[in-house]
Amino acid sequence: MEELVGLREGSSGKPVTLQELWGPCPRVRGRIRCGLQWLKEKLFRVDEDWYFLAILGVLMALISYAMNFAIGRVVRAHQWLYGEIGDSHLLRYLSWTVYPVALLSFSSGFSQSITPFSAGSGLPELKTMLSGVILENYLDIKNFGAKVAGLSCTLATGSTIFLGKVGPFVHLSVMIAAYLGRVRTRTLGEPENKSKQNEMLVAAAAVGVATVFAAPFSGVLFSIEVMSSHFTVWDYWRGFFAATCGAFTFRLLAVFNSEQETITSIYKTSFPVDVPFDLPEIFFFVALGAICGVLSCVYLVCQRNFVGFIKTNRFTSKLLATSKPLYAALAALILASITYPPGVGRFMASRLSMGQHLVTLFDNNSWALMTRNSSPPWPAEPDPQNLWFEWYHPRFTIFGTLAFFLIMKFWMLILASTIPMPAGLFMPVFIMGAAIGRLLGEALSLAFPEGIVAGGVINPIMPGGYALAGAAAFSGAVTHTISTALLAFELTGQILHALPVLMAVLMANAVSQNCQPSFYNGTIMMKKLPYLPRIRGRKIGSYPVTVGHFMNCAITTLAKDAPLEQVVKVVTSTDEAQYPLVESTVSSEAREHPAPCLAHSRCPVN
């Protein structure tokens, strides 16, 4: 039955249904309808993406905070179980080891059963995609659940497995951005725009970093340095706006949950403001950058060689191919057994979480001077007011525990990175860099117990400042980024060491970039993904090289109007796998016999 329509009195517009005409308050409803239509046109105007970016930032902040909240509850439950289980060493050992073994087995098995794309960091694949390569189904929304569940289980193991959140969370953010982009396209009925999609993905990468560390500025710069080979200035406002929305919401949730009184840095420090460092210390900060650069090269070489060994070894390769959860369980058992606190773990601060590692390493007091004339006992349980006691043991000095921590975490992180599960690498190398800087700072504070005298003023050495510089330098050298210096400032709210930290990061990158590819580029090469190496320099001899020196002019094409006999002849007479399709035989002949000026075009190749 057709619906009856009519016109309002004095109206010359379109007919409306009688139900609308005779309904209550037709004029008010009409004005509301017009207002909503105007709002829809303004919100969904082409090139106006602020609402999309705001939704992305807020949504990722909610997901990040919810993950942290759930992971914190699980970690505290494990700590309670370990503390309440009694004095039996067997039961304590089982409670310490079975927990991460079960979590990692579930993380690897669950994520791999849904999709193989959920394993690893995800940043190397995203970098490949943003360079123009299409990886099918890598940003499918079905991967989101597998990545979230697997990453949550990985992080719930705490410092025992010693893995991070940044890379996988950037992958999650990009997946959400791709999904929202598809929803937007279907809603508006617009054709798919690859350029706009890439802009949204770059902004999403910035949101992923910003909602992990509440650091919008370094999030944008880190996404530019790591993700984009070429970055357009037009993407700046998108990245900053989305990252600011995400970081603000992430810290606001902490205030609403009474975790913070106001919006502050995550790892706030208390360095003296008057004279945080003196001029002679600049030399030590630069030396620290060089040390971090050399150690990063050693780490990158060892990591790639060990991953290659795991893939080629008969036993491990078969285990990874047939039973990934079993491999994850064996690796977790090894790592958890080493970090067992009554055993070797007492010499590497294994009872501290990764966040507590950073809080203690950034302490501005000198532990070497505090324990020089006294020997505090190793506490039976961690003291919340003196967490730095975990870095001291009567059998070891502060230097022994820091050195042992670095040596053990060096190869343990390499082993953990081979487990097929969602996990990141940035936070572990950031903590290792802090330990390197702390070790140098403690040595300097012991060598100059009264401080460095400059201009008649004695300025004490602050090992926490060296830990801050080491964290930024080592993580920057592993990832080939400079933005880690700004990330260190945003994480700690500490800008007093801006100059020495930046000099250390630059020195570390100068050493690392001249010797080894970054961790992400190395992973791209190991996975045999399309890789465009960075052009290190432009030599004068490269300018005479033209396209004609290497362009293939003998191209076999097929025309749309070509008869079947000619198509069969072309296919059977050549070994080509693909044939360009042209409009007509005339254009085909023109392509097969190009003009000489095209082959010898003066286009320099640099």
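Attention here is on the structure that accompanies the text. (Residues numbered from 1 in each chain as written. Predicted model: local features only at pLDDT ≥ 70, side-chain atom pairs only at ≥ 80, totals over all residues. Heavy atoms only, no water.)

**Notes on the overall build of the protein**
Each helix and strand counted, the protein has 24 helices and 6 strands in total. Taken over 606 residues, the protein has a buried fraction of 48%. Look at the contacts in the protein between residues 6 or more apart in sequence, and 76% of them connect residues 24 or more apart. Here the protein has roughly 30,000 Å² of accessible surface; of this, 64% comes from carbon and sulfur atoms. (Helix = DSSP H or I, 4+ residues; strand = E, 2+ residues; numbered from the N terminus. Buried < 20%, exposed > 50% of the residue type's maximum accessible area, 1.4 Å probe, protein only. Contact = heavy atoms within 4.5 Å. Areas by Shrake-Rupley, 256 points an atom, 1.4 Å probe, with all protein chains shown as cover.)

**Observations concerning the nonpolar core**
Formed by 134 residues in total, the largest nonpolar core has its most connected members in L126, L139 and F213. Here the element with the most residues in this core is helix α16 (residues 398–416); it accounts for 11 residues. (Core = buried A, V, L, I, M, F, W, Y, C linked by side-chain atoms within 4.5 Å.)

**Some remarks on empty space enclosed by the protein**
Within the structure shown, the criterion is met by 2 cavities of 30 Å³ or more. The calculated volume of the second largest cavity comes to roughly 30 Å³. What lines the second largest cavity is simply L126, M129, L130, V174, L201 and M227. Sort the elements by how many residues they give to the lining of the second largest cavity and helix α5 (residues 123–130) lands first, with 3 residues. Of the residues that constitute the lining of the second largest cavity, the class distribution is 6 nonpolar, no polar and no charged. (1 Å grid on protein atoms, 1.4 Å probe; cavity = no way out; pocket = protein on both sides within 12 Å on 5 of 7 lines; lining within 4 Å. Points joined across faces, edges and corners; volume = space filled by probe spheres on them. Nonpolar A, V, L, I, M, F, W, Y, C, P; charged D, E, K, R; others polar.)

**Let's talk about the packing of aromatic side chains**
Aromatic ring pairs are described here by two measures, namely the spacing of the ring centres and the angle between the planes. In total, this model carries 22 aromatic pairs according to the counting rule given. Residues Y93 and Y340 carry aromatic rings whose centres are separated by 5.5 Å and whose planes lie at 90° to one another, so their mutual orientation is edge-to-face. Of the two residues, Y93 is situated in helix α4 (residues 89–114) and Y340 in the loop between α13 (324–338) and α14 (354–361); the sequence distance between them amounts to 247 residues. Given a relative accessible area of 27%, Y93 falls into the partly exposed group. Among the aromatic residues, those joined into a ring-pair cluster are F162, W367, W388, F389, W391 and F405. A cation over an aromatic ring shows up here: K409 above the ring of F162, its NZ or CZ 4.5 Å from the ring centre. (Phe/Tyr/Trp six-rings, centres within 6.5 Å; stacked < 30°, edge-to-face > 60°. Lys NZ or Arg CZ within 6 Å of the ring centre and 35° of its normal.)

**What about the side chain of S483?**
Along the chain, the position of S483 falls in the loop between α18 (463–479) and α19 (484–492). The contact partners of S483, leaving out residues within four places of it in the chain, are S218, L221, F222 and E225.

**A word on unusual backbone geometry**
Phi angles above zero are rare outside glycine, and A214 is one such case at about 55°. Along the chain, the position of A214 falls in the loop between α8 (194–213) and α9 (216–227). For A214, a relative accessible area of 15% translates into the label buried. In this structure, H480 is a non-glycine residue whose phi angle is positive, near 60°. Relative to the assigned elements, H480 resides in the loop between α18 and α19.

**Structural notes on a nonpolar patch on the surface**
Together, I55, V58, L59 and L62 make up an exposed nonpolar region whose accessible area comes to about 300 Å². When you line up the elements, V58 lands in helix α3 (residues 50–84). For V58, a relative accessible area of 34% corresponds to the partly exposed category. (Patch = residues over 30% accessible without salt bridge, like charges linked within 9 Å, V, L, I, M, F, W, Y side chains within 5 Å. Salt bridge = Lys/Arg side-chain N within 4 Å of Asp/Glu carboxyl O.)

**Regarding the packing of α4 against helix α6 (residues 142–155)**
Interhelical geometry of α4 versus α6 gives an angle of 170° and a closest axis separation of 8 Å. With respect to each other, α4 and α6 are oriented roughly antiparallel. Listed contacts from α6 to L103, L104, F106, S107, F110, S111 and I114 of α4 are K142, G145, A146, A149, G150, C153 and T154. In terms of residue class, the contact of α4 with α6 is built from 8 nonpolar, 5 polar and 1 charged. (Axes fitted to C-alpha atoms, helices over the stretch in contact; angles between N-to-C directions. Parallel < 35°, antiparallel > 145°, perpendicular 65-115°, else oblique.)

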